[in-house]
Amino acid sequence: MNWLTNFVRPKIRALVRKADVPDNLWDKCPSCGKMIFHRDLEANLRVCQHCGHHLRLDAKRRLSMLFDDGEYQRIELPKVTLDPLRFRDRKRYADRLKEAQARTEEPDATLVAHGLIGGRPAVVAVFDFAFLGGSMGMAVGEALIAASRLAVLQQAPLIVVPASGGARMQEGTLSLMQMPRTVIAAQEVKEAGLPYIVLLTDPTTGGVSASFAMLGDIAIAEPGSIIGFAGARVIEETIREKLPEGFQRAEYLLDHGMIDMVVPRHQLRETLIRILGLLRNPRPSAEVVALPQAGIEIPADAAAAAAGEGAQGDR
Amino acid sequence: MPHYLDFEKPIAELEGKIEELRHLGGDSGVNIADEVGRLQAKAEKLLRQSYGRLTPWQKVQVARHPDRPHLVHYIESLIDEFTPLAGDRAFGEDRAIIGGIGRFRGRPVMVMGQEKGNDTDSRIRHNFGSARPEGYRKARRLMLLADRFGLPVLSLVDTAGAYPGIDAEARGQAEAIARCVETSLSIEVPFVAAIIGEGGSGGAIAIAAANKVLMLEHAIYSVISPEGCASILWRSAEHAKDAADALKLTAQDLLRLEVIDSIVPEPLGGAHRDVPAVIQSLGDALETALLEMSEIKGGVLRARRRDKFIEMGRAGLS
């Protein structure tokens, strides 16, 4: 402890701390360019009321949006070696990390929480794009492994919400190794017979899309999200032509058979509740239908059909 | 005419002189053996010096050397009765990835990997070793086939990366790679991968999540090309050299980080200077790796493969 840590650091902290956003701010929609009253935008889950464009949602907002009554418990994630390569470009990675931690008040880019969704337990891992572009390094890999193991322990489904540009270059080949590591996380949930659902948000690209994010039992995407392997600029430079309209958007992936559905943010929760209910409850939730009593005549073709079903059931 | 890299210029000059002398000697009948011998010793010393301490950026050049042996050369020498298998059974045949069954030192195996090609025609045919989703779906099919018949899988990695194109994205490049990794981590047969040239990002790990990962001495294995990294982080591809340093993409660095399991030595002056020798040493290393696993049951092999990746990067870095 010296005067520097005692006096100067808190002041620097105060300088970089996020200022409280006053309620009277206006935002500009990046898609239609119209102005939106800040409070309206937040109340509308950051969906533009003019054009329906989905702006990025921060990780905590995402968690409270998905869980019943916005209530959830976060789990503490394993600590990892920071900056394993002592990577330095124009800036030190260690400094980039510290800045991102100060700005987001989170240790890294993934948050893991558990709680109830539609009255049933669920584990959710969400990415925070504000933390170094949601990039995947050791900490993100550990978070997904922890989330997967918690889901298996609780016998609960795992829902992952990526928002990431891909692997974190500053962790070199170790970041590439998060691809197999997160794939194993997904496998553990699937092999435990639990639903593994991926909710793709803007953006899901690179090593993240080429690992756990594309392996969901069910893949849901938010409208307009960029989802793909290679970056648009890299593709343009390689093939030297303009990319088609809507390329790598959620709707493009739906048309190409890569995802199950594109669901607007307002309907995500109810969609998830319905899917989890269907996957997790083999019996219908409606009241029990009485069996036909003996003596009631069953039409011949219906009886034959029932016999046929029975035979199939014997597989 | 051999191809010399920029940093090999002094060696090129010496070897040029040796050639010249030999020519002269043949014409004039003067005894030049002593002089040639002296120059050869000098050239060898130079080679030993420069290849003994290649910078990461120089290794990038060596790994991409046009005369460096490729998958087809290894298959030709190491695999008997090689029977190539084609197609993903869904869309097409991607020649950027070659694979098939054959006999490796007596035992049947599945062998696969990326092929870059060695001249303009073959480079175009193999798309410079950059596979589309069909290639990865074929690799996945071959792994499942190997699993069904208990064949060990040998995977030789040599790619700048998966192909970044409109068609590749439209057919699900990300999903194809993800599925390939998933299958790599599911099969219950011995699985050995070797990075023989460039291990470029997702396109490489797609077929390299193996029980044992070997790497040739001067090969590289990276999350992004140094050029790509430089253009993003330094905002200029001219910093590729700095990026190559920072990315820790050499076999020596990756062994320290425990991302790979062992390094296969290359002949003096790199694999391209003595192709039969490097093929022999890789063959020996592959055989050793397979022998180590020959008594282990499939389920255990799979569990160990997964444990290895789960533990990777957790210990001993700080």
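Turning our eyes to something else, we now look at the domain arrangement of chain A. All names here are of chain A. What the domain assignment reports for chain A is domain 1 (2-17 + 58-283) and domain 2 (22-56). Computed from C-alpha atoms alone, the centre-to-centre distance between domain 1 and domain 2 is 23 Å. Across the boundary between the two partners, domain 1 contributes eleven residues, which contact eight residues of domain 2. Across the domain 1 to domain 2 interface the summed buried area is about 930 Å²; carbon plus sulfur atoms make up 50%. Broken down residue by residue, the surface that domain 1 buries against domain 2 is led by Arg61, Arg265 and His266, which jointly contribute 60%. Run the count over domain 1 and domain 2 and you get two salt bridges. A salt bridge links Arg56 to Asp202; its shortest N-O distance comes to 3.1 Å. Taken together, the connections running from domain 1 to domain 2 amount to seven residue pairs in polar contact (both at pLDDT 80 or more). Broken down by secondary-structure element, the contributors of at least two residues to the side of domain 1 that touches domain 2 are helix H3 (59-66) and helix H11 (265-280).

Let's shift gears to the interface of chain A and chain B. Contacts between the two partners involve 51 residues from chain A, matched on the other side by 49 residues from chain B. Put simply, chain A and chain B have three salt bridges between them. Glu182 of chain B is the salt-bridge partner of Lys190 of chain A, the closest N and O atoms lying 3.4 Å from each other. Our enumeration of links across chain A and chain B arrives at 13 residue pairs in polar contact (both at pLDDT 80 or more).

Here the focus is the packing of helix H7 (residues 178-191) of chain A against helix H14 (residues 298-311) of chain B. The interhelical angle for the contact between H7 of chain A and H14 of chain B, taken along N-to-C directions, is 130°, at an axis separation of 9 Å. Between H7 of chain A and H14 of chain B, the angle is such that the two are oblique. Along this stretch, H7 of chain A crosses H14 of chain B, giving a crossing that reads as left-handed. Across from Pro180, Arg181, Ile184, Gln187 and Glu191 of chain A in H7 of chain A, the residues of H14 of chain B making contact are Arg302, Arg306, Phe309 and Ile310 of chain B. Taken together, the residues of the contact of H7 of chain A with H14 of chain B break down into four nonpolar, one polar and four charged.

Once that is clear, we can look at the environment of Leu57 of chain A. All names here are of chain A. With respect to the helices and strands, the residue Leu57 is situated in the loop between helix H2 (38-43) and H3. Each C-alpha atom, one on Leu57 and one on Phe87, is 29 Å from the other, the two residues being 30 residues apart in sequence. Residue contacts for Leu57: discarding those within four places in its chain leaves Leu45, Arg46, Arg62, Met65 and Arg265.

Tallied over the full model, the rule gives 43 salt bridges over all chains. Taking the shortest distance from any N to any O, the salt bridge between Arg179 of chain B and Glu175 of chain B comes out at 2.9 Å. Within this pair, Arg179 of chain B and its partner Glu175 of chain B are both found in helix H8 (residues 173-184), separated by four residues, close to a single helical turn. In this structure Glu175 of chain B comes out as buried when scored by relative accessible area, which is 15%. Via salt bridges that share partners, Lys190 of chain A together with Arg137, Glu175, Arg179 and Glu182 of chain B belong to a single interconnected network.

Residue Pro203 of chain A is reached from Asp202 of chain A by a cis peptide bond, and omega for that bond is -15°. The residue Pro203 of chain A is located in the loop between strand E7 (196-200) and strand E8 (204-205) in this model. Look at Arg235 of chain B: it is not a glycine, yet its phi comes out positive at around 60°. Within the secondary structure, Arg235 of chain B is located in the loop between helix H10 (226-234) and helix H11 (240-247). A relative accessible area of 64% places Arg235 of chain B in the exposed class.

Each value, and the rule that gives it
- Residues numbered from 1 in each chain as written.
- Chains lettered and ligands numbered in written order.
- Predicted model: local features only at pLDDT ≥ 70, side-chain atom pairs only at ≥ 80, totals over all residues.
- Heavy atoms only, no water.
- Domains from an automatic or database assignment.
- Contact = heavy atoms within 4.5 Å.
- Buried area = accessible area lost by both parts, 1.4 Å probe.
- Salt bridge = Lys/Arg side-chain N within 4 Å of Asp/Glu carboxyl O.
- Polar contact = N/O pair within 3.5 Å; in protein donor to acceptor, adjacent residues only side chain to side chain.
- Helix = DSSP H or I, 4+ residues; strand = E, 2+ residues; numbered from the N terminus.
- Axes fitted to C-alpha atoms, helices over the stretch in contact; angles between N-to-C directions.
- Parallel < 35°, antiparallel > 145°, perpendicular 65-115°, else oblique.
- Left-handed = near helix turned anticlockwise from the far one by under 90°.
- Nonpolar A, V, L, I, M, F, W, Y, C, P; charged D, E, K, R; others polar.
- Buried < 20%, exposed > 50% of the residue type's maximum accessible area, 1.4 Å probe, protein only.

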